[in-house]
Amino acid sequence: MWSLSNIFWLGTKELRSFIRDYVLLGLVVYSFSLAVISQAQSNSQELHNASIAYVDEDHSELSRRIARAFLPPYFKPPVPISEHDIDHLMNNGQYTFVIDIPPNFERDVLGGRQPALQVDVDATAMVQAGLGSGYALQIIDTEVADFLSRSEGSPPPPVNLAIRIAFNPNVDTAWFTSVMGIINNVTMLAIILAGAAIVREREHGTMDHLLVMPLTPFQIAMSKIWANGLIIAIAVALSLYLVVRLLLGIPIAGSIPLFMVGVVIYLFFATAIGIFLGTVAQSMPQLGLLYMLIAVPMNQLSGSATPLESMPVWLATAMQASPSTHFVSFAQSILYRGAGIDVVWPQFLAVATIGAGFLGLSIWRFRAVVAQSS
Amino acid sequence: MTGQAPALASLREVTQRYGKVTALDRMTIEIPGNCMVGLIGPDGVGKSSLLGIIAGARRCQSGGVTVLGGDVSDAAHRASVCPRIAYMPQGLGKNLYPDLSVRENIEFFARVFGQSHQERERRIAELLDSTALAPFADRPAKKLSGGMRQKLGLCCSLIHDPDLLILDEPTTGVDPLSRRQFWELIDRIRARREGMSVLVATAYMEEAAQFDWLLALNAGSILATGSPQQLQSQTGTSNIEDAFVSLMPGSPGKEKRDASTSAVPPRVVSDEPPVIVAKDLTCRFGDFTAVDRVNFEIGRGEIFGFVGSNGSGKTTTMKMLTGLLPATAGQAYLFGKPVDAGSMETRKLVGYMSQSFSLYSELTVRQNLELHARLFHLPSAVAKARIAELVETCGLSAHIDDDAAELPLGIRQRLSLAVAIVHKPQLLILDEPTSGVDPVARDQFWSLLIDLSRNQGVTIFVSTHFMNEAARCDRLSLMHEGHVLATDTPEGLVRAQGAPTLESAFIRYLEHATNLSGSASQPPPAPPLPASLLAPDKRRDSRRSYFSPQRLLACTIRESLELTRDPIRLMFALFGTAFLMIVFGFGISTDVNNLSFAVLDRDQTPESRAYLEELRGSPYFSEKPPLADYAELERRLQAGDIKASIEIPPNFGLNIKRGRPAWASAWIDGAMPFRAETIRGYLQGMHQLYLADPAVKTTVPTTGPPADVEIRFKYNQDFDSIYAMVPSTIAMLLALFPAILMALAIVREKELGSITNLYVTPVTRLEFLIGKQLPYVGVAMINFTIMFAMALFLFDVPLKGSFLTLLIGVIIYVITTTGYGMFISTFCRTQIAALFGTAILTILPASQFSGMLTPVSSLSGFGQLIGRAFPMTYFRPISVGTFTKGLGFTDLATSLLALAVFIPVLTAGSLLLLRKQEA
């Protein structure tokens, strides 16, 4: 009972000092609003406005039709260039795609001679090159087939494949990037706030002061966890309701309250690791470097930036030990696929288990460090 | 110098405000030169502001200030007199660099003032000798005791022969022996350099009595000026401390003061067991013994004093008693029980006040008191009454809703005491509670202590450097180098040494102890200062310049030394990038494979199996157990168990055989759009392959495609993302690490106080910034070398293009990324803001908006704007271009040029935002 009261009142102190730090407050507001919006609008995960040029050596009806078929928003209007400019323009990255339509292309198509048409793709533009080459192939094939069917008629393919995308029929990437932006913020903020709260107490000498009062290290650590966790949970909820749903108009299929339960479970882990790093770091610059080494990979490899399926198996397996991976995974289940607790409980359990383990470790470590602090 | 002493400085109507606090209020004064001028006054009345303005460290908000014959608001005059002024800010060694050694600290200042190597060596040797610091020349400043730190500060100030020496409370927190040595040093220097003026703020009235001219301040205005004798006769007092107290408006009259200070009611000694017992208490840190077999007993209600030189083990002893530090050997007992760090019961009986202010400066006075009352579980009614009582007795009512950070030092100490006694402890442990507190506030503080001891039976264990406070204790222990030299009543100690005062008794004890131990901290009998050191430097004025490579180098050498003194930071900085390179190089990839799928085959014919075979043979997909029905499909897709499903409807085979169009359908998990798009592409590709498969053609009548569209992946035929990702990762990591290290390096100086050296030495902002930037550019280049080697040998990503172009690009790039950190640092005040700010302002643009995944030109909205303004956008094409595209200088000239534009822009921006003076 006394213990709860101590944890509560110490936590209110954390809240007060957070609210008083206007620069920090401003940065948090920025990262949950403007930063989320800019990620949602950036289209960085889809084929959007890809720059394309074409070399038309045929000057035929078909070649013009192919050039016209590349449309926004996937492609910018294709620009005609001459053949000897291809290398130079692709070298400086001006065009990601260049279509080279050879002479007599239309004539050879009509003559059934299966002429070759080449599409040069800048393979260093990773997302665009992969998605865009598929699109380009499809567009050109369709255009040629249409052209033929108008002039002579070709048989329909014997087998058709109807592809449908579940949960996000238009493959709108803003749905994904906005929520992933919030998730990355949670990890970043929880670690920095909790870690800095410890380093600051030590740098300002208030840690000794706390330790001569009837307070246990457990109470001190728990007060920081609940207070910083609360700040972040509120920021997440506001960001989801106001920024994602209201401002960006993104429909959320699942239950936000269920997601918030997951966020709270995750925050236990994230603030615990912050406290752990705070006990390891001797100064703020050291905390900064530790943060970079721990939190940046946790975010980048959690599946929120590139798919887990793209990692080598050993790394993907190792990332299963990071709660951030499960966090991203249950966030996607709940928010996009509308999954309920019956589906996500194993992930909740995984996060809670790893989180509890880490919480225990960081409190043990906190106690040890505090015992020898001076 | 003429015989007539010219005014050293004159102020006209100077007003200085910080928030709602007025530090100086329309002050007009002429300060005479060629003498020792003392500034006295209560805490927070503007002494430091006044000294800061005269030194040029603070900007004068309104009014006119003339120093050494010119207006200090004129930057040119400030620059020209700056080498003639030396300024030592308040706080023990605040402008020193704690990680550097004594010699390195002085060397830095010597370089800043442009001294040649020989001149520097000679001066440093002379200064170290005369301050007796020579044996400690290689000791880091952070390991010096307070007194030694102040002497080092003085050495750094004297290295360039100032005409005006400004010292802000130089002896606060310094023990009496070191204090005496400090003033003897100043006297010797002044004896040899007649023209030198000294301006000192002090809280020690016995020091003030030795000065030539005094300026008494209160609440931003002048109370009185004149020689100590003049002030005494003006107030009709016999010493300067009393004179000061009676000058204070609203101060108790002389009689009342005498009554309150001199009369400590005698203690009624009871036969109760002692409250504190220390038996052979010992504390060792490694092979250094901080406290060596200390013994004492303190009875109930006793005021027990601890005096001793800096670093003698007083604080360590107190920490062992509170349980903050475990004793290495020996035992301490509180209330008859051994000290147990975990005992909550004992903690409730003890109140502790540590040496530095350790309350929450961001809370108000009331919030601090309430928080502590709650943590000690006072019932709320009791707490309310108790807080009201404490506010009354400690005189906090005027400040009740002020932030603790804004309180003057004296009020803060009273608040600390109020907090320490909020739960009515039976034992108070106070570590130098009155350091830096003005005499009036100290008096009030002690009357509180006496009341607690005599009327409430509280045992008080207190350490102090003030002898008039020590004299009020019931008993005293003298500590030196971890030993207790003597324990007795103050009178007993004076008698034992046959000394006239307690202070001289104390000094005799110390001198006796140091002679016995033969310790090197005993100064040699004051060698005369060589005349050469004190000769005014003739070349000084000719050295003025707007840019000096030597000063820049001084900053670079210092920053590099500090970096090497923090091996943890250096290791992380050098090898952290290597670790992240491995993680990202393998982890961030757009080659999606291992995609899990399941089939719902409702046809189960050779035709349907032939169709699915195409999918099953694909390296991109891995099959999970088949689906039984549509509900299972939905459930497993929702749970994320499968990322795609293929459904073959009944009659699929029959339709193919009969030449009717057959349909298969696929569901893809759209939760991650990029993955969904990729899967769609794969499925379509596979479908085309199926149609073109000769085996299929034999069963299904179909013609070949009308045209052969050939996708050619340039630069990377296999379309393996590592060839783009590794060069991009190098670009990303070279953006993150240098920026964060640079930003923290500058903000750290702001937070820890050494930024003052930028304000008061001839170092210009440009020299300061570039000087600090160079070491981090060096660190970044080492990072690049490591990552370059990793790219070649670990990831097997060859460099196809021009190495020279890449190298030029990297050099320009790391200058811009450190410059980016520099720019962020100029508007952050705390390290935490700098850390968080740099993190969110670099990680997001670097990973999302700089072309890492998608070309910047294809981004839309705010993201593209951020990308265009971030240097990595221009470096990534250089890195990818030289590694993977095989490009050279001419291909990349535009990117190099765009990148180079950042350097002047970021540097100019930082220069504009960085102040050469404090606000």
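All values derive from a computational prediction rather than experimental measurement.

Cut-offs applied
- Residues numbered from 1 in each chain as written.
- Chains lettered and ligands numbered in written order.
- Predicted model: local features only at pLDDT ≥ 70, side-chain atom pairs only at ≥ 80, totals over all residues.
- Helix = DSSP H or I, 4+ residues; strand = E, 2+ residues; numbered from the N terminus.
- Rg over C-alpha atoms; globule rule 2.2 N^0.38 Å.
- Buried ≥ 20, exposed ≤ 12 C-beta atoms within 10 Å, placed from the backbone.
- Contact = placed C-beta atoms within 7 Å.
- Nonpolar A, V, L, I, M, F, W, Y, C, P; charged D, E, K, R; others polar.
- Pairing = 2+ DSSP bridges.
- Axes fitted to C-alpha atoms, helices over the stretch in contact; angles between N-to-C directions.
- Domains from an automatic or database assignment.

## As for the overall build of chain B
Reasoning step 1: Counting secondary structure elements, chain B contains 35 helices and 25 strands.
Reasoning step 2: Its C-alpha atoms give chain B a radius of gyration of 37 Å, clearly above 29 Å, the size a compact globule of 919 residues would have.
Reasoning step 3: A principal-axis box enclosing the C-alpha atoms of chain B has dimensions of 125 × 70 × 55 Å.
Reasoning step 4: Per-residue burial for chain B yields a buried fraction of 53% across its 919 residues.

## A look at the overall build of chain A
Reasoning step 1: Of the regular secondary structure elements, chain A holds 15 helices and five strands.
Reasoning step 2: The C-alpha radius of gyration of chain A comes to 27 Å, more than 25% above the 21 Å expected for a compact globule of 374 residues.
Reasoning step 3: When each of the 374 residues of chain A is scored for burial, the buried share is 56%.
Reasoning step 4: Pairs at least 24 apart in sequence give 81% of the contacts found in chain A among residues at least 6 apart.

## Some points on the interface of chain B and chain A
Reasoning step 1: At the interface, 127 residues of chain B touch 120 residues of chain A.
Reasoning step 2: Here the side of chain B that touches chain A gets 14 residues from one element, more than from any other, and that element is helix α26 (residues 673–692) of chain B.
Reasoning step 3: Taken together, the residues of the side of chain B that touches chain A sort by class into 72 nonpolar, 37 polar and 18 charged.
Reasoning step 4: Inspection of the sheet shows strand β4 (residues 116–122) of chain A paired to strand β25 (residues 708–714) of chain B by seven bridges, in the parallel sense. The residue bridging D122 of chain A from the neighbouring strand is K714 of chain B, located in β25 of chain B.

## So, the sheet that holds β4 of chain A
Reasoning step 1: Within the open sheet, the five strands sit side by side as β2(A)-β1(A)-β3(A)-β4(A)-β25(B). Their pairing is mixed. A strand with exactly one partner marks an edge of an open sheet, and here the two such strands are β2 (79–80) of chain A together with β25 of chain B.
Reasoning step 2: Judged from the four bridges that link them, strand β3 (residues 97–101) of chain A and β4 of chain A form a sheet pairing that is antiparallel. Residue pairing for β4 of chain A: D100 of chain A is matched across the bridge by Q118 of chain A.

## What about the sheet that holds strand β19 (residues 475–480) of chain B?
Residue and element names in this part refer to chain B.
Reasoning step 1: Strands sit in the order β16-β17-β18-β13-β19-β20 across an open sheet of six strands; the sheet is mixed. Every other strand in the sheet has two partners, leaving β16 (350–353) and β20 (483–488) as the edge strands with one partner each. Pairs of neighbouring strands in the sheet enclose a mean axial angle of 15°, with direction left out of account.
Reasoning step 2: Here strand β17 (residues 427–431) runs beside strand β18 (residues 459–463); their pairing, made up of five bridges, is parallel. Bridged to L430 within β18 is V462.
Reasoning step 3: Lying over the sheet, helix α11 (residues 314–322) contacts β13 (303–308), β16, β17, β18 and β19, oriented at roughly 150° with respect to β17.
Reasoning step 4: Contacting β16 and β17, helix α15 (residues 409–420) crosses the sheet at an angle of about 160° to β16.

## Points about the domain arrangement of chain A
Reasoning step 1: Parsing chain A into structural domains produces domain 1 (2–43 + 172–373) and domain 2 (52–152).
Reasoning step 2: A straight line from the C-alpha centre of domain 1 of chain A to that of domain 2 of chain A covers 47 Å.

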